[in-house]
Amino acid sequence: MDIGSVPSQDDDAAAATPREATLGRHLARRLAEVGARDVFAVPGDFNLTLLDELEAEQPSGGGVRLVGCCNELNAAYAADGYARARAGGVGACVVTFTVGALSAINAVAGAFSENLPVVCISGGPNSNDYGSNRILHHTIGLPDFTQELRCYENVTCYQAVVNNLEDAHEQIDKAISTALKESKPVYISISCDLPSIPHPTFSHHPVAFFLSPRLSNQMSLEAAVEAAAAFLNKSVKPVLVGGAKMRMAKARKAFVELADACGYPFAVMPSAKGLVPEHHPRFIGTYWGVVSTPFCGEIVESADAYLFAGPIFNDHTSVGYSLLLNNEKAIIVQPDRVVIGNGPAFGCVLMKDFLRALATRLKKNTAACEIHGRIFVPQGEPRPSEPGEPLRVNVFFKHIQKMLSGNSAIIAETGDSWFNCQKLKLPEGCGYECQLQYGSIGWSVGATLGYAQAAKDKRVISLIGDGSFQVTAQEVSTMLRCGQNNIIFLINNGGYTIEVKIHDGPYNVIKNWNYTGLVEAFHNGEGKCYTAKIQTEEELEEAIEASLGPHKDSLCFIEVIVHKDDTSKELLVWGARLFAENSRPPNPQ
């Protein structure tokens, strides 16, 4: 069932008459309806009854499947990855009161920064304890049950504390629908004594979710389109740039339709890679200031007009605020607002409506495409490796490129993988995810679990540094438990390389692990697993051939050993710019 549409009479017929009218089973059916058919969970004494009820409502009956995770942080990272793969659906995790919820909050904050609808459900105190002045375990020792709620108020768009059955269905529905409408995380606390108690409000399956569509103000839309068309039609060499908020605005197709109609070249900001088709003839790469795809930055910054759809301008995406852009030349299109130059601004205008309407009003202009074609030089191949030569990163990524297909998805961890993965040319249908706004190291391990659990039709390829892997490594065991066939490349360069390039110090050196041995210990003879440790191009080719051939149904973990100084030139430039920005002296008082 699509969110925002009326279901047919046959939709989820098995779920139409709930077998048990309990809060927990109602929650399971509601999560399943919005696409969260896998729920990532860590048990704790405040959520055990809730987990029983969720477990009882299986996917075959319109319910959910519980995926047990090693810790709450990883469970919430997995919900993040799941939401990314569901294209408009939600991800969900279940944790326990305070100790679990505060462990998960870092990942929920990351989902908030990336505009992802994640539902974080916490098992709360017994409903009889509210107002009792009791001190409970798993708290900081004060008779105050609101600490967890107050923390989540800062990283979620809606919070529901369910401590009675009368309005539980209302609170749950409001929370889930708000997550969908705002494309942000929400928090639900459910008292531990309530999930298994029947109540009349759950005796009949409620009306399926129908979200009233958000509409543009037609007068504002027309005025914005007219002003934007006049602005762009008088320009000589305009360009388009896509940003990360195209996802939440559901405007990815509209952006490409606009590019097809007007003939402008288009690029993406780094956090939007994967949101537009890179096989398109007018796609020119990633616009990232001085570390842009070759010849892309020159085209964007020399344009006399540029339209940015859903941009996020921060110190990461602007390379320390060093972009050579001029507000007077820019049209900035946000999910519900359009600003042209330094003004005027038009509110109540949805991005997808604006882009589609603008496509009908623009004159065809291929000037910037033609300039790009004249200056473009195809990317060369790295020099061949000598027999036995230590593997170089540029050679490694040459082979990653060859692995990609429409049945692949790339997960790029914070670090040098950000920059090397930006250079990959994604085939049609190939997924791509990174967490550039929040940049929490270790995110990719949980996100890989969640993405793969949602996207059964894709083989997930994760590029993870050794420092990041040490933060969240244990969730590889959950991937094995779930029978996933992800390919994880562990890039071992002996430390936190991205921090080294910003500002080096002894704290950036980490203890080396026997990474393949660790994964084999996780495997423990259960499920399918393949590991390899490689140091040369010949060994890499053998490992890739094995992972795509005889071990295509296995979780493949390939440790790639590279020199600590073998990094992309883009990281060197980016690190220097960011350090300069972070080191600016205080402004004089």
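Before any of the text, the structure's been laid out above.
Conventions we followed
Residues numbered from 1 in each chain as written. Predicted model: local features only at pLDDT ≥ 70, side-chain atom pairs only at ≥ 80, totals over all residues. Heavy atoms only, no water. Buried < 20%, exposed > 50% of the residue type's maximum accessible area, 1.4 Å probe, protein only. Helix = DSSP H or I, 4+ residues; strand = E, 2+ residues; numbered from the N terminus. Pairing = 2+ DSSP bridges. Patch = residues over 30% accessible without salt bridge, like charges linked within 9 Å, V, L, I, M, F, W, Y side chains within 5 Å. Areas by Shrake-Rupley, 256 points an atom, 1.4 Å probe, with all protein chains shown as cover. Salt bridge = Lys/Arg side-chain N within 4 Å of Asp/Glu carboxyl O. Lys, Arg positive; Asp, Glu negative; His and termini not counted. Charge placed at Lys NZ, Arg CZ, Asp CG, Glu CD. Phe/Tyr/Trp six-rings, centres within 6.5 Å; stacked < 30°, edge-to-face > 60°. Lys NZ or Arg CZ within 6 Å of the ring centre and 35° of its normal.

*Asks:* Lay out the pairing of strand S17 (residues 487-492) in plain terms, naming residues and giving numbers.
*Replies:* Of all 6 residues that make up S17, 6 are buried, and the element is covered over most of its length. With burial as the criterion, each face of S17 is covered, one bearing Ile487, Phe489 and Ile491 and the other bearing Ile488, Leu490 and Asn492. Taken together, the 5 bridges between strand S16 (residues 459-465) and S17 define a ladder with parallel strand orientation. Looking at the pairing, serine 462 lines up with isoleucine 488 of S17. Here S17 pairs with strand S19 (residues 555-561) via 6 bridges, running parallel. Bridge pairing in S19 places isoleucine 488 opposite phenylalanine 557.

*Asks:* Tell me about a negative patch on the surface, and please be specific about residues and values.
*Replies:* On the surface, a cluster of negative charge is made up of Glu538, Glu539, Glu541, Glu542 and Glu545. Structurally, the position occupied by glutamate 538 is in helix H20 (residues 537-548).

*Asks:* I'd like a description of the packing of aromatic side chains, backed by residues and values.
*Replies:* Inspection of the entire model under this criterion finds 18 aromatic pairs. Ring centres of phenylalanine 469 and tyrosine 515 lie 6.0 Å apart, and the angle between their planes is 65°; this geometry places the pair in the edge-to-face category. Here tyrosine 515 lies in helix H19 (residues 515-523) and phenylalanine 469 lies in helix H16 (residues 466-472), a separation of 46 residues in the sequence. Both residues of the pair, phenylalanine 469 and tyrosine 515, belong to the buried class. Connected via pairs of aromatic rings, a cluster forms that spans Phe46, Phe97, Tyr130 and Phe145. Residue placement shows lysine 184 over the ring face of phenylalanine 112; its charged tip is 4.0 Å from the ring centre.

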